[in-house]
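Coordinates in review
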Amino acid sequence: MGLNKLKTILEMIKFEHTIFALPFAYVGMILGSMEQFGHLPTWGQFFWITMAMVGARSAAMALNRLIDRTIDKLNPRTANRAIPAGKIGTNEVVIFIIGSFLLLFIAAWNLSDLALKLLPIAVFVLVLYSYTKRFTWTCHFILGIAIGLAPLGAWVAVTNEITYPAVILFISVALWTAGFDIIYATQDMEFDKKYGLYSIPSRFGLKTSLIFARVIHGVTILGLFYLFFITHLGWWYLIGVIVANFILHYEHSIISPNDMSRLDTAFFTMNGILSVVIFIFTSIDLVMK
């Protein structure tokens, strides 16, 4: 595969959107190691968790583009994506997907036994998500589970076990993802209705969907607050959660049923900032102990 083709694929999968999940994976890694062993993870663990995230996210997004290529061709918003526009062939995308899953397997193999054993479940969820819009409006929560596996997987990778705080972090990230994906899906609401695709916006309408997203994000903040009480996290982390709460509040304040013109800011910019904020304040909190 040539560099130009690889560049096209990376543009297709929006590699920069890794910023949503990667900081939370690092939170799971650092918090898990500190809770279990009282010290920061090794550089080797940091490297392989990063590789696992790159592999998992790249495989999932490329697979999604491959599976949705027919739908994307019908949708004016997505018709110019690489596969429906003929910029890249399906065989090249399949090779990229296989390579990405191989990277994920190698990373899990270098991390922990439990991470390797649970890998098939993670792969199943990553594959399942791309089909869910065809039969259930809960597809946003399946995506949430897929992204939530990032911090849970990183926790398992460094501790070789699943603990209660790890599950709370997983649920919080899953709900955060579901909330912003509902917002993102509003732009395809009419298209989904026309072609019989499932989503919360196409099922319940714009106004109700935005309410759903706001409530779900409220529960996300409660989950992140709860972590403060069941782990050794301190005040720096709590400040980070308070900042995250204001970010989500701002995210929902700049969109409304009457004005969705700032959807990109609400979806990408605000949520990218939020994940980095939580990572930075968690890191400061744990490093200073």
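Residues numbered from 1 in each chain as written. Predicted model: local features only at pLDDT ≥ 70, side-chain atom pairs only at ≥ 80, totals over all residues. Heavy atoms only, no water.

1. A look at the overall build of the protein chain
Regarding its fold elements, the protein chain presents 13 helices and zero strands. When the helices and strands of the protein chain are read in sequence order from the N terminus, they spell out α-α-α-α-α-α-α-α-α-α-α-α-α. For the protein chain, the C-alpha radius of gyration of 19 Å lies close to 19 Å, the compact-globule estimate for 289 residues. Viewed in the frame of its principal axes, the protein chain has a C-alpha envelope of about 55 × 45 × 30 Å. Residues counted as buried form 54% of the 289 residues belonging to the protein chain. For the protein chain, long-range pairs separated by at least 24 residues make up 73% of all intrachain contacts whose partners lie at least 6 apart in sequence. On the protein chain, roughly 13300 Å² of surface is accessible, and the fraction owed to carbon and sulfur atoms is 67%. Separation of charge centres in the protein chain, based on 20 positive and 16 negative side chains, amounts to 7 Å. (Helix = DSSP H or I, 4+ residues; strand = E, 2+ residues; numbered from the N terminus. Rg over C-alpha atoms; globule rule 2.2 N^0.38 Å. Buried < 20%, exposed > 50% of the residue type's maximum accessible area, 1.4 Å probe, protein only. Contact = heavy atoms within 4.5 Å. Areas by Shrake-Rupley, 256 points an atom, 1.4 Å probe, with all protein chains shown as cover. Lys, Arg positive; Asp, Glu negative; His and termini not counted. Charge placed at Lys NZ, Arg CZ, Asp CG, Glu CD.)

2. Points about the layout of surface pockets
Space inside the second largest pocket adds up to approximately 320 Å³. As for the second largest pocket, its lining consists of 17 residues, and the residues nearest its centre are Glu11, Met12, Lys14, Arg65 and Arg81. Going through the elements one at a time, helix 1 (3-12) and helix 13 (263-287) are the ones with two or more residues in the lining of the second largest pocket. (1 Å grid on protein atoms, 1.4 Å probe; cavity = no way out; pocket = protein on both sides within 12 Å on 5 of 7 lines; lining within 4 Å. Points joined across faces, edges and corners; volume = space filled by probe spheres on them.)

3. Things to note about the nonpolar core
Core analysis: the biggest nonpolar cluster contains 62 residues, and Trp176, Leu274 and Ile278 have the highest contact counts within it. Elements with a contribution of two residues or more to this core: helix 2 (22-37), helix 3 (43-67), helix 7 (139-159), helix 8 (164-185), helix 11 (206-230), helix 12 (235-253) and helix 13. Among the elements that take part in this core, helix 8 stands out by supplying ten residues, more than any other. Setting aside residues up to four positions removed in sequence, Leu274 forms contacts with Phe24, Trp176, Ala244, Ile247 and Leu248. Grouped together as the second largest cluster of nonpolar side chains are 14 residues, Met61, Ile67, Ile83 and Phe96 included. (Core = buried A, V, L, I, M, F, W, Y, C linked by side-chain atoms within 4.5 Å.)

4. What about the pattern of salt bridges?
One pass over the structure, following the stated rule, counts five salt bridges. Between Asp188 and Arg77 there is a salt bridge; the shortest N-O distance is 2.5 Å. Pair noted here: Asp188 is in the loop between helix 8 and helix 9 (189-194) and Arg77 is in the loop between helix 4 (69-74) and helix 5 (90-109), with a separation of 111 residues, a long-range link. One network of salt bridges, with partners in common, ties together Asp68, Lys133 and Arg134. (Salt bridge = Lys/Arg side-chain N within 4 Å of Asp/Glu carboxyl O.)

5. Remarks on empty space enclosed by the protein
Within this structure, the stated rule accounts for one cavity of 30 Å³ or more. Within this model, the largest cavity holds a volume of roughly 30 Å³. As for the largest cavity, its lining consists of Val27, Leu31, Leu169, Leu224, Leu227, Leu233, Tyr237, Ile278 and Thr282. Mapped onto the lining of the largest cavity, the elements with two or more residues apiece are helix 2, helix 11 and helix 13. Considering only residue class, the lining of the largest cavity consists of eight nonpolar, one polar and no charged. (Nonpolar A, V, L, I, M, F, W, Y, C, P; charged D, E, K, R; others polar.)

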